[in-house]
There are 2 protein chains.
Amino acid sequence: MAESWSSSVDAHLDWDPGSGRTGIAAAVRAAIRDGRWRPGAVVPSTRALAHDLGVARGTVTRVYADLAAEGYLQTSQGAPTRVATAGASPQSAPPMPAAEPAHRWSFLPGRPDPSMFPRDQWLAATRRVLANAPNQVFDYSEARGSSVLRATLSAYLGRSRGVLADPARLVVFSGYGHAIHVLGRALRGLGIAETAFEDPSLGKYRDICAASGQRIVGVPVDGAGLVVSELDSPAAVVTPAHQFPLGVTMAPARRTALVDSGAVVVEDDYDGEFRFDRQQVGALQALAPERVVYAGTASKSLAPSLRLAWLVLPRFLVDPVVAALHELGAHPPLLPQLALADLISSGAYDRHVRRCRLEYRARRDRLVAALPAHLTPEGISAGLHLVLRLPSAAAAAVPAAARRHSVGVELLSPMWLRPVAEPGGLVVGYGATARNAFTPALAALVEMLTELSP
Amino acid sequence: MAESWSSSVDAHLDWDPGSGRTGIAAAVRAAIRDGRWRPGAVVPSTRALAHDLGVARGTVTRVYADLAAEGYLQTSQGAPTRVATAGASPQSAPPMPAAEPAHRWSFLPGRPDPSMFPRDQWLAATRRVLANAPNQVFDYSEARGSSVLRATLSAYLGRSRGVLADPARLVVFSGYGHAIHVLGRALRGLGIAETAFEDPSLGKYRDICAASGQRIVGVPVDGAGLVVSELDSPAAVVTPAHQFPLGVTMAPARRTALVDSGAVVVEDDYDGEFRFDRQQVGALQALAPERVVYAGTASKSLAPSLRLAWLVLPRFLVDPVVAALHELGAHPPLLPQLALADLISSGAYDRHVRRCRLEYRARRDRLVAALPAHLTPEGISAGLHLVLRLPSAAAAAVPAAARRHSVGVELLSPMWLRPVAEPGGLVVGYGATARNAFTPALAALVEMLTELSP
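Residues numbered from 1 in each chain as written. Chains lettered and ligands numbered in written order. Predicted model: local features only at pLDDT ≥ 70, side-chain atom pairs only at ≥ 80, totals over all residues. Heavy atoms only, no water.

## Things to note about the overall build of chain A
Helix and strand counts for chain A come out as 14 helices and 18 strands. By the compact-globule yardstick of 22 Å for 454 residues, chain A is too spread out, its C-alpha radius of gyration being 30 Å. Residues classed as buried in chain A amount to 60% of the 454 residues present. Expressed as a percentage of contacts within chain A between residues at least 6 apart in sequence, the contacts between residues at least 24 apart total 73%. Total accessible area on chain A stands at roughly 16900 Å², and carbon and sulfur atoms take up 53% of it. Charge separation in chain A, taken as the distance between the mean sites of 45 positive and 40 negative side-chain charges, equals 3 Å. (Helix = DSSP H or I, 4+ residues; strand = E, 2+ residues; numbered from the N terminus. Rg over C-alpha atoms; globule rule 2.2 N^0.38 Å. Buried < 20%, exposed > 50% of the residue type's maximum accessible area, 1.4 Å probe, protein only. Contact = heavy atoms within 4.5 Å. Areas by Shrake-Rupley, 256 points an atom, 1.4 Å probe, with all protein chains shown as cover. Lys, Arg positive; Asp, Glu negative; His and termini not counted. Charge placed at Lys NZ, Arg CZ, Asp CG, Glu CD.)

Next comes the structure, spelled out in structure tokens:
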């Protein structure tokens, strides 16, 4: 429906005659923006433009007045109207970044099956929240998180993980990364500027912690977890229930040694719900709630895209963390927090976790049974991943083989901080694939692994 | 149903006989945690405890083994089992912080009416999203925001605000504060370490910007907006469509002078949807998309607790901002982003905004008509607030009067950065009160204002 139009000053407008004054203004703006009406150039007179467009002159006069108010045009008594000199020159935006390299079969670690997200239960929880919540839930919300969710999590974490989680010490974050950044900032404010991470561990969170102002050091992990005797930092982030990525559990003596070390300990309980072989080990936090920060998340139990995580803090950290939270200006929206609280209170969350636990346990068993004979999985029967060590040559061949078989896996080597003798290996996540695709995905993975045989 | 139990070592357990092994373990943990079983103390023998509890000895043996694995107990061959020395001493948490001082009638500025949140439309949008979204929306999501929302906002901002919003330059944040912090961090990385704010302006965002590493300076505002001739900083945050708090609109000459100043300009278009007297002035950003950052939010149009805001960035800022976003680890969850995109695409968002515009315009008119004769409102007919200047003595009397009438208002004085001759006044928000309470709220406000008469 667009018509072309030319005036004596060689301007060009694409204008839909049905769109009235707004349409004319839009067309003029567009012409100025993309440089067809150049900065400083005289624009058509109102009379000429009205004539050519077939509209009343007053219409064009008003369009020009509007555009002058917006800074597109410059008007002055007795002189012709001109395009303002600050008009933008044409600029094309950078292309959209390419999506992550696609693979057909995802064995990326740390991801739950997105097809198992309880859509119906989440919708039902959202419906109940929207039906029952008072109006103030749509006002500005407390930065530390919904008091309803904090009370609900307090009871849940005490019951399911043995955490001493007073709601007054519980703060909700936009994901674990947000929590680690805020905490690192708060610790720095208290004079704690070095944080130890397990070596190996996930580089992403080490980077986020470093960006908060912490110096990062690595402390080795052996079959009993973090080698506490080598810890010499005032703060340490650990995964005692299920070390990421190696999959070991921290031994009892190490647990007590760690909380006795004097360091502020961050207990990252990222997949505490998923222990398959026996009852879960209770949280370290309950041993020393004044020295241990307990960190939990809905990213593994529900979905990473919910961006919900929480810290249970020692008393001395509550105010510094809340202050740092205000400084960053980011805290999660209220409705999803209330939906999660509803999901937990209604029992739907526990049912979902149990359903997932059975599913992931079965997948792990199938994966272990299907592994080529030369590969032995490392790590306890828990969580969403296992580690396969590979000789250096085989590890180097992984990226090409993974591409060939369209399999997504992660290499172990980038997770080390210190140089180690045998860094090679794969971290295989068996949660990431949709349930109904696990059989062909497993076949593709095993084919790829067989190819890597010595 | 809880029974008390004592053993020879003067331990005390509250234990429900029906709760089995789990219940015994929980009771022992509780006893250790709150210090009744002291660190280092010998615990009852398995035989004694089993006898007293009336359970099999093997049950207690397993409980002790579990608790040793969790680090609560210390066992060694041939020696009695003891409470581990790292056991927490009793600690009570700090009391929950008091809620904001309650007032019955809220005239706090910058808040939309929470009773007008479109609950049904939001639920319907959530339902459509949950019914139609592919599984990957529950996986890790792009830090810069949903591509669906970015495309939708791109079209919406172009149509409604004249913004040149290529989706590749649009980044979604967990609220405007988050956006300002991330942007401040990115600018600092590019060597820009000083940001000018309008004086007066909201202290909260100046603080967040300062926390990102920016030095903050104030530039005065007059009846034509920011006094650009006094701007001498490499970056400036402005509210050109409706200055907060003074309510003026930036004059055309100032707009062009500002984008010609060479500073990176952040255009905070916080309430651009709500202009009552005439068509909105288009966004400054379209004049110079390579120098102006456009900032928008759903906090005024929908609800602050949604925690959704967005920036449209000059090309040179896209990568630095996305990198800073990753460093902070906080980005908004995906489902609400998709719900907002659905709301906009379906037309429900526009209908909601129009409904709100009519409502707020009517409230503003009623407020202006009801003001005592000695008070003249400042600011154009737009947005959610107006300013009432007061002599110093009257301004000093506001807090007590507000408490007496249970009215929530904000003082103008804390919004100034520089000392000014007449800082006194009130910022009155007419959006915050629920629709059905506006009449009595207005009466209370007017009563309070009358009391402040000279």
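## Examining the interface of chain A and chain B
Bring the parts together and some accessible area is lost; that lost area is often taken as the interface size. Listed as interface residues are 95 residues of chain A and, on the opposing side, 93 residues of chain B. When chain A packs against chain B, close to 7800 Å² is buried across both sides, 58% of that on carbon and sulfur atoms. If you sort the residues of chain A by the area they bury against chain B, A:R119, A:F138 and A:Y140 come out on top, with a joint share of 10%. Taken together, the links from chain A to chain B amount to 2 salt bridges. Its salt-bridge partner being B:D139, residue A:R111 comes within 3.3 Å of it at the nearest N-O pair. Seen at the junction of chain A and chain B, the total is 26 residue pairs in polar contact (both at pLDDT 80 or more). (Buried area = accessible area lost by both parts, 1.4 Å probe. Salt bridge = Lys/Arg side-chain N within 4 Å of Asp/Glu carboxyl O. Polar contact = N/O pair within 3.5 Å; in protein donor to acceptor, adjacent residues only side chain to side chain.)

## As for the relation of the copies chain A and chain B
Each copy of the sequence occupies a distinct position, and chain A is placed on chain B by a rotation of 180 degrees and an axial shift of 0.1 Å, giving an RMSD of 0.1 Å. With respect to symmetry, the two chain copies, as superposed, fit the operation of a two-fold axis. Mapped onto chain B, 98% of the interface residues of chain A are again interface residues, and the two copies thus contact each other with one and the same surface. (Least-squares fit on C-alpha atoms with pLDDT ≥ 70 in both.)

## Digging into helix 7 (residues 203-211) of chain A
Among all positions in helix 7 of chain A, only A:Y205, A:R206, A:I208, A:C209 and A:A211 are buried. Lining the buried residues of helix 7 of chain A we find helix 6 (176-189), strand 7 (194-199) and strand 8 (215-222) of chain A together with helix 6 (176-189) and helix 9 (315-328) of chain B. Where helix 7 of chain A ends, the next residue or the one after it, A:G213, has phi of about 105 degrees, a positive value.

## Side note on the side chain of B:T46
As for its position among the elements, B:T46 is in helix 2 (residues 46-53). Setting aside chain neighbours within four positions, we find B:T46 in contact with B:R57, B:V60, B:T61 and B:Y64.

## Regarding the sheet that holds strand 6 (residues 170-173) of chain A
Residue and element names in this part refer to chain A. Ordered in space as 6-13-12-11-10-7-8-9, the 8 strands form an open sheet in which the pairing is mixed. At either end of the open sheet lies a strand with only one pairing partner, and these are strand 6 and strand 9 (225-226). Two elements, strand 11 (residues 264-268) and strand 12 (residues 292-297), share 4 bridges in a ladder whose sense is parallel. Note on strand 12: the bridge partner recorded for V266 is V293. (Pairing = 2+ DSSP bridges.)

## Brief notes about the environment of A:A370
Residues and elements named next belong to chain A. With respect to the secondary-structure elements, A370 resides in helix 11 (residues 348-370). Separated by 73 residues in the primary sequence, A370 and A443 place their C-alpha atoms 8.6 Å from one another. Apart from residues lying up to four places away in sequence, A370 is in contact with L442 and V446.

## Remarks on the pairing of strand 18 (residues 425-429) of chain A
On a regular strand, one side chain projects to one face of the sheet and the next to the other, so that they alternate. Residue and element names in this part refer to chain A. Of all 5 residues in strand 18, 5 are buried, a share of seventy percent or more. Across the two faces of strand 18 the burial is the same, with G425, V427 and G429 and L426 and V428 all buried. Both strand 15 (residues 385-389) and strand 18 contribute to a ladder of 5 bridges, which runs antiparallel. Residue pairing across strands places L388 opposite L426, the latter belonging to strand 18.

## Let's talk about unusual backbone geometry
Cis rather than trans, the peptide bond between A:D199 and A:P200 has omega equal to 10 degrees. As for its position among the elements, A:P200 is in the loop between strand 7 and helix 7. With an omega dihedral of 5 degrees, the bond running from A:F244 to A:P245 counts as a cis peptide bond. If you trace the backbone, A:P245 turns up in the loop between strand 10 (235-238) and helix 8 (252-260). Residues other than glycine seldom take positive phi values, yet B:R307 does so here, at roughly 55 degrees.

## Some details on the sheet that holds strand 18 of chain A
All names here are of chain A. The antiparallel open sheet is built from 4 strands, whose spatial order is 14-15-18-17. Of all strands in the sheet, those bounded by a partner on one side alone are strand 14 (377-378) and strand 17 (410-411). In terms of strand pairing, strand 14 meets strand 15 through 2 bridges, oriented antiparallel. Along strand 15, the bridge assignment pairs P377 with L388.

## Remarks on the environment of B:L187
Residues and elements named next belong to chain B. With respect to the element layout, L187 can be found in helix 6. A sequence separation of 47 residues divides L187 from P234, and the C-alpha atoms of the two residues are 9.6 Å apart. Residues in contact with L187, not counting those within four places in the same chain, are I192, Q214, A235, V264 and L317.

## Description of the pattern of salt bridges
Residue and element names in this part refer to chain B. All told, the structure shown has 36 salt bridges over all chains when counted by the stated rule. Where R363 meets D113, a salt bridge forms, and the shortest distance between an N and an O atom there is 2.7 Å. Note that R363 is positioned in helix 11 (residues 348-370) and D113 in the loop between strand 5 (105-106) and helix 4 (119-132), a separation of 250 residues in sequence. This pair shows no difference in class: R363 is buried, exactly as D113 is.

## Some details on the packing of aromatic side chains
The tally for this structure, following the rule as stated, stands at 14 aromatic pairs over all chains. An angle of 55 degrees between the planes, with centres 6.2 Å apart, marks the rings of B:F107 and B:F438 as tilted. With B:F107 in the loop between strand 5 and helix 4 and B:F438 in helix 14 (residues 438-451), this pair connects stretches of sequence that are 331 residues apart. The exposure class assigned to B:F107 is buried, which follows from its relative accessible area of 0%. Of the aromatic side chains, those joined through ring pairs into one cluster are A:F117, A:W122 and B:F138. (Phe/Tyr/Trp six-rings, centres within 6.5 Å; stacked < 30°, edge-to-face > 60°.)

## What to know about a positive patch on the surface
On the surface, a cluster of positive charge is made up of A:R351, A:R354, A:R355 and A:R435. Looking at the secondary structure, you find A:R351 in helix 11. (Patch = residues over 30% accessible without salt bridge, like charges linked within 9 Å, V, L, I, M, F, W, Y side chains within 5 Å.)

## Regarding the packing of helix 11 of chain B against helix 14 of chain B
Between two packed helices, what matters for the description is the angle formed by their axes and the separation of those axes. All names here are of chain B. For the pair helix 11 and helix 14, the least separation of the axes is 11 Å and the interaxial angle reads 30 degrees. When the axis of helix 11 is compared with that of helix 14, the two are roughly parallel. Considering the relative orientation of helix 11 and helix 14, their crossing is right-handed. Along the contact surface, helix 11 presents R363, R366, L367 and A370, while helix 14 presents F438, T439, L442, L445 and V446. In terms of residue class, the contact of helix 11 with helix 14 is made up of 6 nonpolar, 1 polar and 2 charged. (Axes fitted to C-alpha atoms, helices over the stretch in contact; angles between N-to-C directions. Parallel < 35°, antiparallel > 145°, perpendicular 65-115°, else oblique. Left-handed = near helix turned anticlockwise from the far one by under 90°. Nonpolar A, V, L, I, M, F, W, Y, C, P; charged D, E, K, R; others polar.)

## Quick look at the confidence of the model for chain A
Confidence in the prediction of chain A, expressed as mean pLDDT, is 89, and 92% of residues score 70 or more. Low pLDDT (under 50) marks residues 87-99 of chain A, which in the prediction has 29 contacts with non-local residues, meaning those over four places away or in another chain. (pLDDT = per-residue confidence, 0-100.)

## With respect to the side chain of B:R161
Relative to the helices and strands, B:R161 is located in helix 5 (residues 147-161). At 2.7 Å, the side chain of B:R161 and the side chain of B:D269 are in polar contact.

## What to know about the environment of A:L202
Residues and elements named next belong to chain A. Among the structural elements, L202 can be located in the loop between strand 7 and helix 7. The class of L202 is partly exposed, set by a relative accessible area of 27%. Once the C-alpha coordinates of L202 and W416 are considered, the two residues, 214 residues apart in sequence, prove to be 8.5 Å apart. Beyond its immediate stretch of four places on either side in the chain, L202 contacts F244, E410 and M415.

## Here we look at the pairing of strand 11 of chain A
All names here are of chain A. Here strand 11 lies mainly inside the structure; 5 of its 5 residues are buried. Burial of strand 11 is two-sided: the residues V264, V266 and D268 facing one way and the residues V265 and E267 facing the other way are all buried. Where strand 10 and strand 11 come together, 4 bridges link them in parallel fashion. Following the sheet pairing, A236 is matched in strand 11 by V265.

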